[in-house]
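Structural overview for review
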Amino acid sequence: MSWKLRCLFICCFGIAAVPALAQPPVDTVDQEVVAKIKAEGTDNSQVMQTISYLTDVYGPRLTGSPDSKVAAEWTIRQLDEWGLPGGKMEPWGPFGRGWTLENCVVSMVEPTYSPIIAHVKAWSPSTTRSVRGVPIYLDVKTPEDLDQYRGKLGRAIVLISPPRELSALFEPPAIRKTESDLLRLANAAPQSGGRRGAAGGRGGRSA
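Per chain, the residues get numbers from 1 upward, laid out in the order the sequence is written. Given that the model is predicted, a residue must reach a pLDDT of at least 70 before its local features are reported, and side-chain atom pairs must reach 80 or more before they are shown or counted; all residues, however, enter totals for whole chains, interfaces and linings. Note that water and hydrogens are dropped before the side-chain values are worked out from all heavy atoms of the structure.

1. Comments concerning the overall build of the protein
The cut-off we apply is this: Each helix corresponds to a stretch of at least 4 residues labelled H or I by DSSP, and each strand to a stretch of at least 2 residues labelled E; elements are numbered beginning at the N terminus. Note on exposure labels: buried denotes an accessible area under 20% of the residue type's maximum, exposed denotes more than 50%, and partly exposed covers the range between, all computed with a 1.4 Å probe on protein chains only. We call two residues contacting when some pair of their heavy atoms lies within 4.5 Å. Here the Shrake-Rupley method, with its probe set to 1.4 Å, supplies the accessible areas, and only the displayed protein chains count as covering residues.
Secondary structure summary: the protein contains 5 helices and 4 strands in total. Put simply, the protein has 207 residues, and 6% of those count as buried. Of the contacts formed within the protein by residues at least 6 apart in sequence, a portion of 34% connects residues at least 24 apart. If you sum the accessible surface of the protein, you get close to 18,600 Å²; carbon and sulfur atoms cover 60% of it.

What follows is the structure, given as structure tokens:
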């Protein structure tokens, strides 16, 4: 065999071997770690308590508001209790003034009384007393639309969101899983192998 044929054979063999060598290693599932994660989630879950504190206790909060600071301080204390010390709040900005909603009650007083579901726009100035006025829906899509409201908004209560139709609910918005559903999820066996999901993640989904 001439040296040219030998070189050609070696090159072809090397090219054919590259795809085999480039295959990623197959991942193995550590069943002990998976069992610990499942046990932590089923026996010592803190999900609902954490969500309750960050939604019910501290509620919605705007950037730079006192409520945001209190929620951040609670998060740092909670991480420290979980064995993750060293958390701290970092300065950033400049931002501006914070804003907190302390109270808002909106009612229709004429021709008859009726409570109204409403919420003030963030960073709106406060009022020193109860305010009465004629409500006006500000239906503005272009600067030219403002002309029809000229001279009418001085003492008016301006509504910036369109009215929404509230339909009656005859079915519950959420359904609790049954005991058999929860048991099936708790006993779901993890899939073995290194198959990747559609989004590029590892593993698959349990039924």
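2. Some points on the packing of aromatic side chains
What counts here: Centres within 6.5 Å are what make two rings of Phe, Tyr or Trp a pair, Trp counting through its six-membered ring; a difference in plane orientation under 30 degrees is then read as stacked, over 60 as edge-to-face, and the rest as tilted.
The tally for this structure, following the rule as stated, stands at 4 aromatic pairs. Consider the rings of Phe 95 and Trp 123, whose centres lie 6.4 Å apart with planes at 55°: the pair is tilted. Of the two residues, Phe 95 is situated in the loop between helix H4 (66–81) and strand E1 (107–108) and Trp 123 in the loop between strand E2 (114–115) and strand E3 (135–137); the sequence distance between them amounts to 28 residues. Judged by its relative accessible area of 43%, Phe 95 falls in the partly exposed class. Assessed through its relative accessible area of 41%, Trp 123 is described here as partly exposed. Taken together, the ring pairs in this structure connect Tyr 53, Tyr 58 and Trp 74 into an aromatic cluster.

3. Details of the pattern of salt bridges
Operational definition: A carboxyl oxygen of Asp or Glu within 4 Å of a side-chain nitrogen of Lys or Arg is what we treat as a salt bridge.
Tallied over the entire structure, the rule returns 6 salt bridges. Of the charged contacts in the structure, one is a salt bridge between Lys 88 and Glu 90, with a shortest N-O distance of 3.7 Å. This pair shows no difference in class: Lys 88 is exposed, exactly as Glu 90 is.

4. Side note on the packing of helix H3 (residues 47–57) against H4
To be explicit about the condition: Here the axes come from fitting lines to C-alpha atoms, over the contacting stretch only for helices, and the angles between their N-to-C directions go from 0 to 180 degrees. Oblique is the label for any angle not covered by the other classes, which are roughly parallel (under 35 degrees), roughly antiparallel (over 145) and roughly perpendicular (65 to 115). Note on convention: near helix rotated counterclockwise from far helix by under a right angle means a left-handed crossing. Clockwise means right-handed.
Remark: H3 packs on H4, axes separated minimally by 10 Å, with the N-to-C direction vectors making an angle of 160°. Classified by the angle between their axes, H3 and H4 sit roughly antiparallel to one another. The hand of the H3/H4 crossing is right-handed. Within the contact between the two elements, H3 uses Thr 50, Tyr 53 and Leu 54 and H4 uses Ala 71, Trp 74 and Thr 75.

5. Description of a nonpolar patch on the surface
The condition that has to hold: The patches described consist of residues with a relative accessible area above 30% and no salt bridge, like charges being joined within 9 Å and nonpolar side chains (Val, Leu, Ile, Met, Phe, Trp, Tyr) within 5 Å.
Side chains of Val 131, Tyr 137, Ile 157 and Leu 159 sit close together on the surface and give an oily, nonpolar patch of about 320 Å² of accessible area. As for its position among the elements, Val 131 is in the loop between E2 and E3.

6. Focus: unusual backbone geometry
Cis geometry is adopted by the peptide bond preceding Pro 111, which originates at Glu 110 and carries an omega value of 0°. Locating Pro 111 in the fold gives a position in the loop between E1 and E2. One non-glycine residue, Trp 123, adopts positive backbone phi at about 70°.

7. Details of the confidence of the model for the protein
We count it as follows: The predictor attaches a confidence to each residue, called pLDDT, with possible values from 0 through 100.
For the protein, the mean per-residue pLDDT works out to 78, and 80% of the residues sit at or above 70. At the low end of the mean pLDDT range in the protein sits helix H1 (residues 3–22), at 49; at the high end sits E2, at 91. Across residues 16–21, where pLDDT falls below 50, the model places 0 contacts with residues more than four positions away in sequence or in other chains. In the model, residues 194–207 has pLDDT below 50 throughout and makes 17 contacts with residues more than four positions away in sequence or in other chains.

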